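# Working through the structure, step by step
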Amino acid sequence: MLPEKISLLANIQLIPALLAINIGVLLFLLVLTFIFGRIYCSVICPLGIFQDVIRRFSNLFRKKKQRYAFRYARAKNILRYVLLGLTAVAIISGFGLFTALIDPYSAYGRIITHIFKPVFIAGNNLIAEVTAKTGDYLTLKTDLEMISFMAFIIAVISLVVVSYMAWTRGRSYCNTICPVGTFLGIISKYSLFKVSIDSSKCHGCALCERKCKSHCINSKEYIIDNSRCVACYNCLGSCKKDAINYYFSVPFSSKKNTLSETSESVPDKTEIQTPDSSRREFLSTAFTAVLSTFGVFAAGKASSVIGEDKDQTKIIRNTPVSPPGSASHTHLKNHCTSCHLCINKCPQKVLKPAGKEYGINGMMQPKLFFDKGYCDYNCNICSQVCPNKTIKPISLVQKQNTKIGTAAYLKSNCVVVTKGLNCLVCYEACPVGAIGSVKTTGDALIPYVDESRCIGCGACENICPATPFKAIYVEGMATHNLI
């Protein structure tokens, strides 16, 4: 999701740090905001940076005079604080689904994992196909698949909404929808360093207002709403009369005419959004929320039943298998924001977003699927990349001794019984020697599972050749333990 050299950014995101109770990161972000304002929104939050990229790209299609055509707009405080309140309630109550949908870092992670990464792979495969015809095989094809239809739809909705708002309204998403922006805005309103307008020098040209992508500069009344300023400082270079200053202010000062103490001042009528525009933005937000909910519930119809053939025993996994290091399903559901960084980094592609396996509250959180891979015995990458330690950092030795599930054997599905074949590939694949063999009638060997040694890695289930139902599968554990 991020280049390795700047992957530290994943560990200093506000909501993941809050869920992880990472006091050091939280204090750093709070102090940074109190001193300099919403620097987080400009240089740390990847979704904020992404919006700036979208806006710059949109300028390529605009005339020069229209590239910076922002206007002051009143803050939509009701919407902002309602969403902030709902987010706080969701975090306190452990309703992870809402937090996952609205957290900006997690939304960015899903966009990268489910949209941009597949596009990159498709481009790579196209280049590999073209170069192969010339005898150059340095570029290799990579498997391309849709990890989760549900996650893809939600990522598309997030991408469309964020991109549209950035294309047309600059940073309006940060100042209307994003709860992180609203929370930091409360602090930045009283930050030590602020941008101000010197009314004695201002000639009312409104160049600063036109440059403000946060729509927080009211040049008519010399007011800047610092609760919405994202500290981009575009306004500083726009003023030709040196009327815009960046200065040290006394917190909670009652001085007027420098910085706004509120965003409720009434601007010139021409600067307020038209009712139709405001209504369209509200309806767009509401419609997005409805579609997101619908997509989540629709995707939850995915079943854990493997196969459809009536001649064999259907496998119903009663307990899903969660990643090693996640400790328990309760811990996972209470802390995971579904950023999908672990899914993105999993080399075996065994981690995928869950449907309803964890319950409604656990939708989109990582779950092990053994249809195309298994949890590599010598891999602990997911525990190393999780930004809020939902998947706790564990050593390779700890991982190899963590029991996340137990394999179960169904003799009626085994090809040794159904087709009379000699097969013990599950025995050969097991990395911990939890699968042995016993003789049946006719001296054929069938496997058995030593539950005390099995860790639930899924190597046996993945390699089992029985179709359409596997003869061996992993039943998860709601709470992990060490063997």
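Everything discussed here concerns the structure shown above.
Reference entry: report on the structure contained in this document. If you're wondering where the values come from, they're calculated on a predicted model, not measured in any experiment. Here the residue index of a chain counts from 1 through its sequence in written order. With the structure being a predicted model, the display of local features is reserved for residues of pLDDT at least 70 and the display and counting of side-chain atom pairs for 80 or more, all residues being used for whole-chain, interface and lining totals. For side-chain calculations, the full set of non-hydrogen atoms in the structure is used, while hydrogens and water are omitted.

Another point: the overall build of the protein. Only DSSP runs of H or I covering at least 4 residues are called helices, and only runs of E covering at least 2 are called strands; the numbering of each starts at the N terminus. For the protein, the count of helices and strands is 19 helices and 12 strands. When a residue's accessible area, from a 1.4 Å probe over protein chains only, is under 20% of the maximum for its type it is buried; when over 50% it is exposed; and in between it is partly exposed. Buried residues in the protein amount to 51% of all 483 residues. The long-range fraction of contacts in the protein, counting pairs at least 24 apart against all pairs at least 6 apart in sequence, stands at 74%. Summed over all atoms, the accessible surface of the protein reaches about 23100 Å², with 62% contributed by carbon and sulfur. Whether two residues are in contact is decided by their heavy atoms: any pair within 4.5 Å suffices. Note on areas: Shrake-Rupley with a 1.4 Å probe; residue coverage comes only from the protein chains shown.

Quick look at the nonpolar core now. Counting 37 residues, the largest nonpolar core has Leu 14, Tyr 40, Leu 47, Phe 50, Tyr 173 and Val 180 as its most contacted members. Taken together, the elements giving at least two residues each to this core come down to α1 (14–19), α2 (23–36), α3 (39–44), α4 (46–59), α7 (104–132), α8 (149–169) and α10 (179–188). Broken down by element, the residue count for this core peaks at seven residues, all from α8. If we skip the residues at most four places from it in the chain, Phe 50 touches Tyr 108, Phe 116, Leu 159, Val 162 and Ser 163. Residues belong to a common nonpolar core when they are buried Ala, Val, Leu, Ile, Met, Phe, Trp, Tyr or Cys residues joined through side-chain atoms within 4.5 Å.

Within the secondary structure layout, Thr 33 lies in helix α2. Note on Thr 33: relative accessible area 0%, which makes it buried. Sequence separation between Thr 33 and Leu 184 is 151 residues, and the spatial gap between their C-alpha atoms is 6.8 Å. If we ignore the near neighbours within four places in the chain, the residues touching Thr 33 are Arg 38, Leu 184, Ile 187, Ser 188 and Ser 191.

This part is about the packing of aromatic side chains. Two aromatic rings are characterised by how far apart their centres lie and by the angle between their planes. Two aromatic rings from Phe, Tyr or Trp, using only the six-membered ring of Trp, form a pair when their centres are within 6.5 Å; if the ring planes differ by under 30 degrees the pair is stacked, by over 60 it is edge-to-face, and anything between is tilted. This model, assessed by the stated rule, comprises eight aromatic pairs. Within the aromatic cluster, the residues linked to one another by ring pairs are Phe 36, Phe 193, Tyr 233, Tyr 246 and Phe 248. One Lys or Arg, Arg 80, reaches over the ring of Tyr 81 and ends 5.6 Å from the middle of that ring. Here the guanidinium or amino end of Lys 367 rests over the ring plane of Phe 369, the centre of that ring lying 3.7 Å away. Whether a charge sits over a ring depends on NZ of Lys or CZ of Arg being within 6 Å of the ring centre and within 35 degrees of the ring normal.

Now for the pattern of salt bridges. In the sections that follow, a salt bridge refers to a side-chain nitrogen of Lys or Arg positioned within 4 Å of a carboxyl oxygen of Asp or Glu. Inspection of every chain in the model, using the stated rule, returns eight salt bridges. For the salt bridge of Arg 171 with Asp 52, the shortest nitrogen-to-oxygen distance reads 3.0 Å. Taken together, the residues Arg 171 in the loop between α8 and α9 (172–176) and Asp 52 in helix α4 connect sequence positions 119 residues apart. Asp 52 sits in the buried class, given a relative accessible area of 18%. A salt bridge links Lys 352 to Asp 371, with the shortest nitrogen-to-oxygen separation between them at 3.4 Å. Residue Lys 352 is located in strand β7 (residues 351–353), and its partner Asp 371 is located in the loop between β8 (366–368) and α15 (381–385); the two are separated by 19 residues in the primary sequence. One network of salt bridges, in which partners are shared, links Asp 52, Arg 171 and Lys 213.

Turning to unusual backbone geometry, a few remarks are in order. Cis peptide bonds are those with omega within 30 degrees of zero, and the linkage from Thr 467 to Pro 468 qualifies with -5°. For Pro 468, the location among the structural elements is in the loop between α19 (459–463) and β12 (472–482). The phi angle at Ile 21 is positive, at roughly 50°, despite the residue not being glycine. When you line up the elements, Ile 21 lands in the loop between α1 and α2. One non-glycine residue, Tyr 233, lies in the positive phi region at around 65°. In this fold, Tyr 233 is placed in the loop between β3 (223–224) and β4 (244–248). Of the residues examined, Tyr 233 reaches a relative accessible area of 26% and is grouped as partly exposed.

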